[in-house]
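As a plain string of letters, each chain reads:
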Amino acid sequence: MSRIAKPRQSESGTAAIDRISSLPGNVIDNILERLPIHDAASTSVLSKTWRDLWDLYPNLVFDWVFFSRIVANNDTLDEENLISEVTGTINEILLGNPGPILKFHLSVPEDLPLHETPNMDLWIKNISNNRVRQLKLIIGPLTAYKIPSYLFSCSELTHLSLTNCLLNPPLRFGGFCNLIDVTLENVIITGDMSFGTQLKELKLRFCSGIEHLESQFKQNHHLITFLIHKSGEIDLKWFECTKKLRTLGLLSEKGADSRKSYINLEKLLGNMIEIRTIHFNGSFLKLLESSAAVSKRLITTTRKLSLYKVEFYDLVQIRHVLFLMRSFPKLQRLEIIVKKMKEEVKEGKLKVEGTNDVLTMALVSLSTEAEYVVREFM
């Protein structure tokens, strides 16, 4: 397709106006950001203006749309040649960009082991030298991708999201300067790790080695959201300096926590004077101390309490549900996701008399005006 250097002539002989190219820069940037990367790259042939914009385009997203289009256009290639085609395309786009790369998203499909090629490390090295601020890596294949050391030199990084990766930070790594948001899923941490003192949101899901995050909680940080979903045993000492926390989620894996003593809710939440939202699951409820160990209602600003996979046939969990309902004087919304009842309960083989009635009565008798929702988890 030929480049358009000047207004073209219409059939009537009048000059056609390139209205799109004359749009404000922020509008054009918005258009490019909403296009799949193939289509965004194609705009470079529209005019010199668009070509210059694409050459300096800072947001590179290689998602399932990108990969599905390449696969569809090369469905006769074997795996080796397909990988070569994909890496060649990414290299052309990434290495051909002379400007900063502020956002880099890469979602590797399950059946395309790009992370086993040397190109992945080179891409991380390239973006680390180009002021990357948002990095998202989703590694589909089962084998985890070992993050190269280049990542830890990204001084301008603000958002980091990793799936199916291995984090092995350099010795004496002190954390990132500007990182505020971290999401890790199926990530293995193998050495002492700190994300820096500016961190505001930390979300861990199905991770291992989280004990190496101890240094993160020894610093005077600004954490406001902390969610742990089935990622090993929780160190309660972490919560001694989480005074700014507003959202807390602790969802334990059944039988995975080997602690010898139960968790005291007052000590857990005592320093969280600004806490607004709390998420627990049934397995975590079983780790709480008996309600008799708490002598007063918790003086917190908690407005929302969500309880997931609660087992109505487990009287320990139900007792702690009732205890929590009485513990937050400012509660406005209570959400309980009930784990699907066992067949023996439904058939009446195992009788749990009064469990649902007790919970219903407790909900009705809440001293606050809290809205409550009870749903079954399927």
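Rules behind the numbers
- Residues numbered from 1 in each chain as written.
- Predicted model: local features only at pLDDT ≥ 70, side-chain atom pairs only at ≥ 80, totals over all residues.
- Heavy atoms only, no water.
- pLDDT = per-residue confidence, 0-100.
- Helix = DSSP H or I, 4+ residues; strand = E, 2+ residues; numbered from the N terminus.
- Contact = heavy atoms within 4.5 Å.
- Buried < 20%, exposed > 50% of the residue type's maximum accessible area, 1.4 Å probe, protein only.
- Polar contact = N/O pair within 3.5 Å; in protein donor to acceptor, adjacent residues only side chain to side chain.
- Arc of directions from axis to C-beta.
- Pairing = 2+ DSSP bridges.

Peer 1: Just checking my understanding: could you explain the confidence of the model for the protein for this structure?
Peer 2: Caution applies to low-pLDDT regions: their predicted coordinates should not be interpreted in detail. On average, residues of the protein carry a pLDDT of 79, and 72% of them reach 70 or more. The weakest mean pLDDT in the protein belongs to helix α10 (residues 343–346) at 42; the strongest belongs to strand β5 (residues 159–163) at 98. With pLDDT under 50 throughout, residues 342–355 is counted as low confidence; its partners more than four residues away or in other chains account for 13 contacts.

Peer 1: When you look at helix α6 (residues 119–128) in this model, what are you seeing that I'm missing?
Peer 2: Of all 10 residues in α6, seven are buried; the element is thus mostly enclosed. Every buried residue of α6 is listed here: N119, M120, W123, I124, N126, I127 and S128. At its buried positions, α6 is contacted by α5 (79–95), β2 (103–108), β3 (134–139) and β4 (145–146).

Peer 1: Any chance you could explain the side chain of N119 here in plain terms?
Peer 2: Mapped onto the elements of the fold, N119 is located in helix α6. A distance of 3.2 Å separates a polar atom in the side chain of N119 from a polar atom in the side chain of N91. Those residues in contact with N119, other than ones at most four positions away along the chain, are T87 and N91.

Peer 1: I tried to follow helix α4 (residues 64–73) on my own but got confused; where do I start?
Peer 2: Each α-helix turn comprises 3.6 residues. Residues three or four places apart therefore point the same way. Taken together, the buried positions of α4 are F66, F67 and I70. Viewed end-on, α4 has its buried residues packed into an arc of 90°, placing them on one side of the element. Exposed side of α4, more than 90 degrees from the buried face: W64 and A72 are the residues found there.

Peer 1: Explain the sheet that holds β4 to me, please; I cannot follow it from the model alone.
Peer 2: What links the strands of a sheet is backbone hydrogen bonding, and the strands pair in either a parallel or an antiparallel sense. On the basis of which strands lie adjacent, the open sheet formed by three strands has the order β4-β6-β8 and parallel pairing. The outermost strands of the open sheet, each flanked by one partner alone, are β4 and β8 (188–189). Strand direction decides the pairing type here: β4 and strand β6 (residues 165–167), joined by two bridges, are parallel. Bridge pairing links Y145 to C165 in β6.

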